[in-house]
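One letter stands for each residue in the lines below.
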Amino acid sequence: MNIVRRLAKSLPALALACSAAVTPAAHAAPQPSFGIEVGNALLCLNQLNSKYFFDYLVEAFGPPYKTEGGAYWFKATNVNIWGVQATDFLVNDSSSQADFIGAYFKATPVKLAEAISTSLGIRFAAEDNSAYPMRQSQAGSKIVYNNTDAKMYCAKSKFLVPSPQQP
């Protein structure tokens, strides 16, 4: 009978411990490989698969906080890629005509391009001599101004994919 009373007293604590173990640890911090996985996609060095990156971003940050402009938006906290703070990540939804992944950074496009060049040796060329030029890498990644901060993305048209061969 003492065993039953002790178990009954410890049951709430046991239930709490079990629920803590079952609750996913996602959303606390992205995986250690996050910067490499998402960074390579932003640099157009990986294949773009919107389902894969949607799932990856949900695991890292929870559900998107909005769907707008053909994209799912994810709020990032304490995420640095190439030593630059990222604030938001986005991936295309099914209404978009392109597969893409993008990110907003708390730095100017010049500073972001310099950080990538310093970290990886990948350079971004300004497309023109305007005050706010778009910058592009050889692989096709783009960095543009978002007010004074930077937006970076890699986009591939869904229509460039070859259609299956007809028998």
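Residues numbered from 1 in each chain as written. Predicted model: local features only at pLDDT ≥ 70, side-chain atom pairs only at ≥ 80, totals over all residues. Heavy atoms only, no water.

1. Some remarks on the pairing of strand S8 (residues 149-157)
The pairing of strand S4 (residues 98-105) with S8 spans 8 bridges and is antiparallel. Looking across to S8, one finds that Ile-101 is bridged to Cys-154. Here strand S7 (residues 142-146) pairs with S8 via 5 bridges, running antiparallel. The partner of Tyr-145 across the bridge, within S8, is Ala-150. Linkage of S7 to S8, two consecutive antiparallel strands, is achieved through a turn of 2 residues, within which Asn-147 is found at a positive phi near 60 degrees. (Pairing = 2+ DSSP bridges. Helix = DSSP H or I, 4+ residues; strand = E, 2+ residues; numbered from the N terminus.)

2. Here we look at the state of the cysteines
All chains considered together, the criterion is met by 1 disulfide. One disulfide in the model links Cys-44 with Cys-154; its S-S distance is 2.0 Å. Between Cys-44 and Cys-154 the sulfur-sulfur dihedral comes to about 120 degrees; the bridge is accordingly right-handed. Here the residue Cys-44 occupies a position in the loop between helix H2 (34-42) and helix H3 (50-61), and Cys-154 occupies one in strand S8, the gap between them amounting to 110 residues. (Disulfide = S-S within 2.5 Å.)

So yeah, pure geometry; function would need other evidence.
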